[in-house]
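Here's the letter readout for the chains.
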Amino acid sequence: MLLAIDCGNTNTVFSIWDGEKFLCTLRTSTHHARTADAYFTWYSTLVKHYGIDADITDVIISSTVPRVVFNLRVFADRFFGCRPVVVGKPECRLPHAPRVDPGTQVGPDRLVNSAGAFDRHGGDLIVVDFGTATTFDVVAHDGAYVGGVIAPGVNLSLEALHMAAAALPHVDVTKPQKVIGTNTVDCMQSGVFWGYVGLVNGICDRIRAEYEKPMRIIGTGGLAPLFAQGEMLFDFIEDDLTMHGLTVIHDYNKKAETI
Ligand SMILES: Nc1ncnc2c1ncn2[C@@H]1O[C@H](COP(=O)(O)OP(=O)(O)OP(=O)(O)O)[C@@H](O)[C@H]1O
Ligand SMILES: CC(C)(CO)[C@@H](O)C(=O)NCCC(=O)O
Ligand SMILES: [K+]
């Protein structure tokens, strides 16, 4: 079985893939100092709690935080006796090489999202991921990541507002009842919710105009369903796109190994 690890700047997600379905998905906050032993304590407690009988033989990692990779490698080696495939490292092959400026280190999560989206939908896509950052990944007709857009994440924007302005509280993102807020919290929620609806619509319109071919838009990340309640249009919403992309890249590397 495969353990797929998606380590973002805010959260780290583990999913166990049995070749047909994900048996479970475990989420913890990302800490660069977490040790291999600490990962295993957390992992084995939850796997036991869910009653999952997982025989992990392979591990694949996508990490936007380079420093956590060392401890995750030790974790894979010590507890599952395997050498993980790390997306973005030379030993990890990608089904479609990105076409970007020389020297650009594309975020592995964006490469993984592109691979997952292409596998499900084919090419000419915009993948919008609402993580720590709100990213737009353009996937060409042949499946290559060919660039995109990086905007501040929704929660980051709310947090920045709270940190910078003494009178503004910490609030959670939600869809407000009205655009015109009649109290501070409603005003902030309106700004962030409708601001991001406008941001996503505006950026997708401009990408489409520049790309000059019809494109489909895929929304992913924990906040995608919330924003789908706005005016903006996703053709599909997929909460497991990054995990799916990891299984696609894992399969591709396994096949390459046997050739
Ligand atoms: N299934 C879910 N339903 C509702 N909210 C969710 C769900 N999953 C995640 N969230 C919330 O949505 C936010 C975005 O989650 P997501 O995993 O997409 O990115 P993240 O973990 O914040 O960022 P990163 O991947 O960059 O670390 C998180 O703050 C989380 O609390
Ligand atoms: C943009 C983030 C932070 C989104 O998780 C990540 O993909 C990243 O660190 N990217 C590196 C730069 C790039 O993707 O071009
Ligand atoms: K993510």
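- The name given to the protein in an unreviewed UniProt entry is Type III pantothenate kinase, with Roseovarius pacificus as the source organism.
- Under the UniProt heading Sequence similarities (unreviewed entry), the note attached to the protein is "Belongs to the type III pantothenate kinase family."
- UniProt annotates the protein under Catalytic activity (unreviewed entry) with the comment "(R)-pantothenate + ATP = (R)-4'-phosphopantothenate + ADP + H(+)".

1. Things to note about the nonpolar core
Then step 1. With 26 residues, the main nonpolar core has L3, F14, Y43, V59 and F75 as its most contacted residues.
Then step 2. Elements with a contribution of two residues or more to this core: β1 (2-7), β2 (11-17), β3 (22-29), α1 (36-49), β4 (58-63) and α2 (69-80).
Then step 3. Among the elements that line this core, the one with the most residues is α2, at six residues.
Then step 4. Each residue touching F75, except ones within four places of it in the same chain, is listed here: L3, I5, F14, A36, Y39, F40, Y43 and F80.
Then step 5. Residues I126, V128, I203 and M215 belong to the second largest nonpolar core, which totals 25 residues.

2. Here we look at the site of ligand 1
Then step 1. Around ligand 1, the neighbouring residues are G8, N9, T10, N11, R27, F130, G131, T132, N155, G221, G222 and L223.
Then step 2. Contact distances for ligand 1 include 3.4 Å between an oxygen atom and a backbone N or O atom of F130.
Then step 3. Burial of ligand 1 by the protein chains amounts to 59% of its free accessible area of 600 Å².
Then step 4. Grouping the amino acids of the shell around ligand 1 by side-chain chemistry returns two nonpolar, nine polar and one charged.
Then step 5. The two domains that each donate at least three residues to the shell around ligand 1 are domain 1 (2-86) and domain 2 (108-244).

3. Topic: the site of ligand 2
Then step 1. With respect to spatial proximity, the complete set of residues near ligand 2 consists of N9, T64, Q105, V106, G107, D109, R110, T135 and I150.
Then step 2. A distance of 2.5 Å separates an oxygen atom of ligand 2 from a polar atom in the side chain of D109.
Then step 3. The side chain of R110 places a nitrogen or oxygen atom 2.9 Å from an oxygen atom of ligand 2.
Then step 4. Coverage of ligand 2 by the protein amounts to 72% of the 390 Å² it exposes when considered alone.
Then step 5. Per-class residue counts for the shell around ligand 2 are two nonpolar, five polar and two charged.

4. Observations regarding the side chain of T12
Then step 1. As for its position among the elements, T12 is in strand β2.
Then step 2. Note on T12: relative accessible area 0%, which makes it buried.
Then step 3. Side-chain polar atoms of T12 contact the side chain of T30, separated by 2.8 Å.
Then step 4. Among all residues touching T12, those that are not within four sequence positions of it are I5, D6, C7, L26, R27, T28, S29 and T30.

5. Side note on the sheet that holds strand β10 (residues 236-237)
Then step 1. One open sheet holds the five strands; their spatial order is β8-β7-β6-β9-β10, and the pairing between them is mixed. Bordering the open sheet on either side are β8 (145-152) and β10, each of which pairs with just one other strand.
Then step 2. Bridge count between strand β6 (residues 125-130) and strand β7 (residues 133-139): six bridges; the pairing is antiparallel. Looking at the pairing, V128 lines up with F136 of β7.
Then step 3. Here helix α5 (residues 184-211) sits on the sheet in contact with β6, β7, β8 and β9 (216-220), set at roughly 20° to β7.

Conventions used here
Residues numbered from 1 in each chain as written. Chains lettered and ligands numbered in written order. Predicted model: local features only at pLDDT ≥ 70, side-chain atom pairs only at ≥ 80, totals over all residues. Heavy atoms only, no water. UniProt positions renumbered as here; feature names shortened; annotations may be inferred. Core = buried A, V, L, I, M, F, W, Y, C linked by side-chain atoms within 4.5 Å. Buried < 20%, exposed > 50% of the residue type's maximum accessible area, 1.4 Å probe, protein only. Helix = DSSP H or I, 4+ residues; strand = E, 2+ residues; numbered from the N terminus. Contact = heavy atoms within 4.5 Å. Near = heavy atom within 4 Å. Polar contact = N/O pair within 3.5 Å; in protein donor to acceptor, adjacent residues only side chain to side chain. Areas by Shrake-Rupley, 256 points an atom, 1.4 Å probe, with all protein chains shown as cover. Nonpolar A, V, L, I, M, F, W, Y, C, P; charged D, E, K, R; others polar. Domains from an automatic or database assignment. Pairing = 2+ DSSP bridges. Axes fitted to C-alpha atoms, helices over the stretch in contact; angles between N-to-C directions.

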